[in-house]
Amino acid sequence: MSSIGSKAPAFRLQNDFGGWTELSELTAAGPVLLVFYPKDFGIVCTKQLCAYQEALENFASYGIKLVGISKNPPDQLRTFRDEYKFQFPLLSDPGHAVAKLYSVTSLVMMGGTSRAVVVVGKSCMVVYRYVEATTITHRKANELLKILEQLKSKGAI
């Protein structure tokens, strides 16, 4: 279970190029925004990730590295990334193991990954998490940027 103030659960997932990515590698350079989403090419998932791509420079101004995580296999992630020209990695969590570690699975989705965002800050601590109540909503980029500003002012990122 990942709750605010707890150590972020470590993971190692296959990325969209077939290699492996670990949380420790991601956080080595600074804070990370983990974006859990149900599936590639879904209407809301695509809208959400495209909006985050458009705000990527703004996220970077806070030192944030953005990472998408879904159940999809690496080759499908790569196709999704290429089609929308995402400039952030997408990671494959086929058995929802990492989603479960971060408590972002849903009974409504029969154990599948819910749409959620988790900020892992200094010392690999969870400093923010938000799980959507429905599959048709997502945390907007401008809302996340306001939250990042608050986290920065508190010294959490």
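(A) Local environment of unusual backbone geometry. In this structure, Ser-103 takes a positive phi of about 55° despite not being glycine. Here Ser-103 is to be found in the loop between helix H5 (97-101) and strand E6 (105-106). Under the relative-accessibility criterion, Ser-103 is labelled partly exposed at 26%. Positive phi is not limited to glycine here, since Cys-124 has a value of about 60°. Mapping Cys-124 onto the fold places it in the loop between strand E8 (116-120) and strand E9 (126-131). Given the relative accessible area of 16%, Cys-124 is considered buried.

(B) Focus on the packing of aromatic side chains. Scanning the entire structure with this criterion turns up ten aromatic pairs. Pairwise contacts between aromatic rings join Tyr-37, Phe-41, Phe-80, Tyr-84, Phe-86 and Phe-88 into one cluster. One residue, Arg-139, lies across the ring of Tyr-130, its end atom 3.6 Å from the ring centre.

(C) Up close: the environment of Arg-115. By secondary structure assignment, the location of Arg-115 is in the loop between strand E7 (112-113) and E8. Its relative accessible area of 4% is what places Arg-115 among the buried residues. Excluding anything up to four places from it in sequence, Arg-115 contacts Phe-36, Tyr-37, Pro-38, Val-44, Cys-45, Gln-48, Tyr-130, Val-131, Glu-132, Thr-135, Thr-137 and His-138. Within the structure, the side chain of Arg-115 is placed 3.3 Å from the side chain of Gln-48, a separation counted as a polar contact.

Reading the values: rules and limits
- Residues numbered from 1 in each chain as written.
- Predicted model: local features only at pLDDT ≥ 70, side-chain atom pairs only at ≥ 80, totals over all residues.
- Heavy atoms only, no water.
- Helix = DSSP H or I, 4+ residues; strand = E, 2+ residues; numbered from the N terminus.
- Buried < 20%, exposed > 50% of the residue type's maximum accessible area, 1.4 Å probe, protein only.
- Phe/Tyr/Trp six-rings, centres within 6.5 Å; stacked < 30°, edge-to-face > 60°.
- Lys NZ or Arg CZ within 6 Å of the ring centre and 35° of its normal.
- Contact = heavy atoms within 4.5 Å.
- Polar contact = N/O pair within 3.5 Å; in protein donor to acceptor, adjacent residues only side chain to side chain.

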